[in-house]
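Residue-level structural notes
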Amino acid sequence: MSTLQRKDGALAMEGVPLEEVARRFGTPCYVYSRSMIEAAYREFDEGLAGVDHLVCYAVKANSNLAILDVLRRLGSGFDIVSGGELSRVRAAGGESSKILFSGVGKSEAEIRFALGERIRCFNVESEPELERLNALAGAAGTKAAVSLRVNPDVDAKTHPYISTGLAGNKFGIPYGRSLEVYRHAARLPHLVVSGIDCHIGSQILEASPLEEAVDRVLELADAVIAAGIPLHHVDFGGGFGIRYREGDRTMDVGHYTRKLAQRMQGRGLQVLLEPGRYIVGNAGVLLTRVEYLKLDKAKRFAVVDASMSELIRPALYEAWHEIVPVTEAPRERATYDVVGPICESSDVLGTGRELAIAEGDLLAILSAGAYAMAMASNYNTRPRPPEALVDGDRILAIRARESVESLYAGESTLDKAE
Ligand SMILES: *Cc1c(COP(=O)(O)O)cnc(C)c1O
């Protein structure tokens, strides 16, 4: 399904050579493929075709307005985790009636904003949040649709930092308490119980934990309905893993969703999913140029102009991203640690990579569409890179490179501080 191809040794995305993107935008630069985003979205949408469903893209994976717009045009809903993301979805033309609001720490201001926008549903993560939402909805003279995020206590078998469905995680309402909380929610005057949801973690590569979560959530849904509380939807969250490393296995989303659709047939419940990474992860690359080859050390280092500021996943969870030269050239092969210019030893993009490269060469760091730009920082006063969207043989500028001045525009020297 990849739209990355080599033609005469040069890497191209859809119809566009990546060298051309680097010439136009400079490096580092994120580049995304529209057709790959669309194809990944359709795997969910088509898999669930047999049942009433809504795919709600998890905005935090990549929140660029153009990407939200691409998905909106396909009919996607959106799963947000902040008021800021709500603003983005609205700015991209996303309909409020397709927005879910997840997250453990929704502030009063965020809840008021979302109530005013009349979003579709609040995914409530705790009992105190339920009380706060009820009070704010009452004050606003409205009713809030709610779903309780239950913690099914299922091991997603993924990295501990991105596992969220275990009893020891901060997320969701403990499974054992949830029926009681549903009874309470149903009595609160400014809430309307609408659904049930879970999200057990990210980068999940096996269907079994996801299916176990489905079992547990459906068991609870049956109990809630039996208690006289009608439900409109069930939301099984996101977490679908992608292939980062050549040869790694990947989630079979088509198989999972078709099986899920079969299972949900005739239940009268709308099915919601919240995929983030799977939709954009493999659709993006980070372009970077080799600044120096440091050969005088016990190890060889390729120092590039991208860093942990633009792609923190290797530093944060020792994640692997393929790193390939954009143009193949006759050069000496050697094993390098590919590192950035940041003053941290953790500023690594890849260790032990066999590469035939020279200074000035352009490299592509693959699978950088999700949780790359979205997690980028300005550490070391580095302006965040531009983003480009490839659409057939067109290149669209979808975010400009930040200026250095904008990074300290809100700061003051002592003589100007109040
Ligand atoms: C992060 C998140 C998602 C998306 O996770 P992916 O692993 O990117 O699919 C979905 N739902 C919730 C509640 C999340 O926090």
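Rules used throughout
Residues numbered from 1 in each chain as written. Predicted model: local features only at pLDDT ≥ 70, side-chain atom pairs only at ≥ 80, totals over all residues. Heavy atoms only, no water. Phe/Tyr/Trp six-rings, centres within 6.5 Å; stacked < 30°, edge-to-face > 60°. Helix = DSSP H or I, 4+ residues; strand = E, 2+ residues; numbered from the N terminus. Lys NZ or Arg CZ within 6 Å of the ring centre and 35° of its normal. Polar contact = N/O pair within 3.5 Å; in protein donor to acceptor, adjacent residues only side chain to side chain. Pairing = 2+ DSSP bridges. Near = heavy atom within 4 Å. Areas by Shrake-Rupley, 256 points an atom, 1.4 Å probe, with all protein chains shown as cover. Axes fitted to C-alpha atoms, helices over the stretch in contact; angles between N-to-C directions. Parallel < 35°, antiparallel > 145°, perpendicular 65-115°, else oblique. Left-handed = near helix turned anticlockwise from the far one by under 90°. Contact = heavy atoms within 4.5 Å. Nonpolar A, V, L, I, M, F, W, Y, C, P; charged D, E, K, R; others polar. UniProt positions renumbered as here; feature names shortened; annotations may be inferred. Buried < 20%, exposed > 50% of the residue type's maximum accessible area, 1.4 Å probe, protein only. Salt bridge = Lys/Arg side-chain N within 4 Å of Asp/Glu carboxyl O.

**Some points on the packing of aromatic side chains**
Per the counting criterion, the structure on display carries four aromatic pairs. Where Phe44 meets Tyr278, the ring centres are 5.4 Å apart and the plane angle is 85 degrees; that geometry is what we call edge-to-face. Of the two residues, Phe44 is situated in helix α2 (residues 34–47) and Tyr278 in helix α10 (residues 277–280); the sequence distance between them amounts to 234 residues. Joined through ring pairs, the aromatic side chains of Phe44, Phe240, Tyr256 and Tyr278 make up one cluster. We note Arg216 situated over the ring of Tyr175; from NZ or CZ to the ring centre the distance is 4.1 Å. Here the basic side chain of Arg245 rests over the ring of Trp320, its NZ or CZ set 3.5 Å away from the ring centre.

**Quick notes on the side chain of Glu310**
Among the structural elements, Glu310 can be located in the loop between β15 (301–304) and α11 (313–317). At a separation of 2.7 Å, a polar atom in the side chain of Glu310 contacts the main-chain amide nitrogen of Ser307. One polar contact links Glu310 to Arg382, side chain to side chain, over a distance of 3.2 Å.

**Examining the sheet that holds strand β2 (residues 10–13)**
Across the sheet, three strands lie side by side as β1-β2-β3; this open sheet has antiparallel pairing. Strands with a single pairing partner mark the edges of an open sheet, and in this sheet they are β1 (4–7) and β3 (16–17). Taken together, the four bridges between β1 and β2 define a ladder with antiparallel strand orientation. From the neighbouring strand, Leu4 faces β2, where its bridge partner is Met13.

**Concerning the site of the ligand**
Inspection of the region around the ligand gives 14 residues, with Lys60, Ser202, Glu274, Arg277 and Tyr371 positioned closest. One nitrogen or oxygen atom from the main chain of Gly276 is found 2.9 Å from an oxygen atom belonging to the ligand. Contacts to the ligand include Tyr371, whose side-chain N or O atom sits 2.5 Å from an oxygen atom. Burial of the ligand by the protein amounts to 94% of the accessible area it has alone, namely 390 Å².

**Notes on the packing of α2 against helix α9 (residues 253–264)**
In helix packing, the relevant descriptors are the interaxial angle and the interaxial distance, both defined with respect to the helix axes. Relative to each other, α2 and α9 sit at 25 degrees, their axes nearing to 8 Å. Between α2 and α9, the angle falls in the class roughly parallel. By crossing handedness, the relation of α2 to α9 is classed as right-handed. Every residue of α9 that contacts α2 at Glu43, Phe44 and Gly47 is listed here: Val253, Gly254, Thr257, Arg258 and Ala261. Grouping the constituent residues of the contact of α2 with α9 by class yields three nonpolar, three polar and two charged.

**Here we look at the UniProt feature "binding site: substrate" (unreviewed entry) in the protein**
Listed under "binding site: substrate" (unreviewed entry) in the UniProt record, and renumbered for this structure, are Arg277, Arg313, Tyr317, Glu344 and Tyr371. With the annotated positions falling across 95 residues, the maximum pairwise C-alpha distance of 26.8 Å shows that they are not confined to a single cluster. Locating Tyr317 in the fold gives a position in helix α11. By the secondary structure assignment, Glu344 is in the loop between β17 (333–339) and β18 (348–356). A relative accessible area of 35% means that Glu344 is categorised as partly exposed. Not counting residues within four places of it along the chain, the set of residues in contact with Glu344 comprises Met308 and Tyr379.

**Thoughts on the pattern of salt bridges**
For side chains bearing opposite charge, pairing can occur when the charged atoms are close. A full pass over the atoms with the stated rule returns 22 salt bridges. The salt bridge involving Asp222 is made with Arg267; its shortest N-O contact spans 3.1 Å. With Asp222 in helix α8 (residues 207–226) and Arg267 in the loop between α9 and β13 (270–273), this residue pair connects regions lying 45 residues apart in the sequence. Accessibility expressed as a relative area gives 38% for Asp222, which makes it partly exposed.

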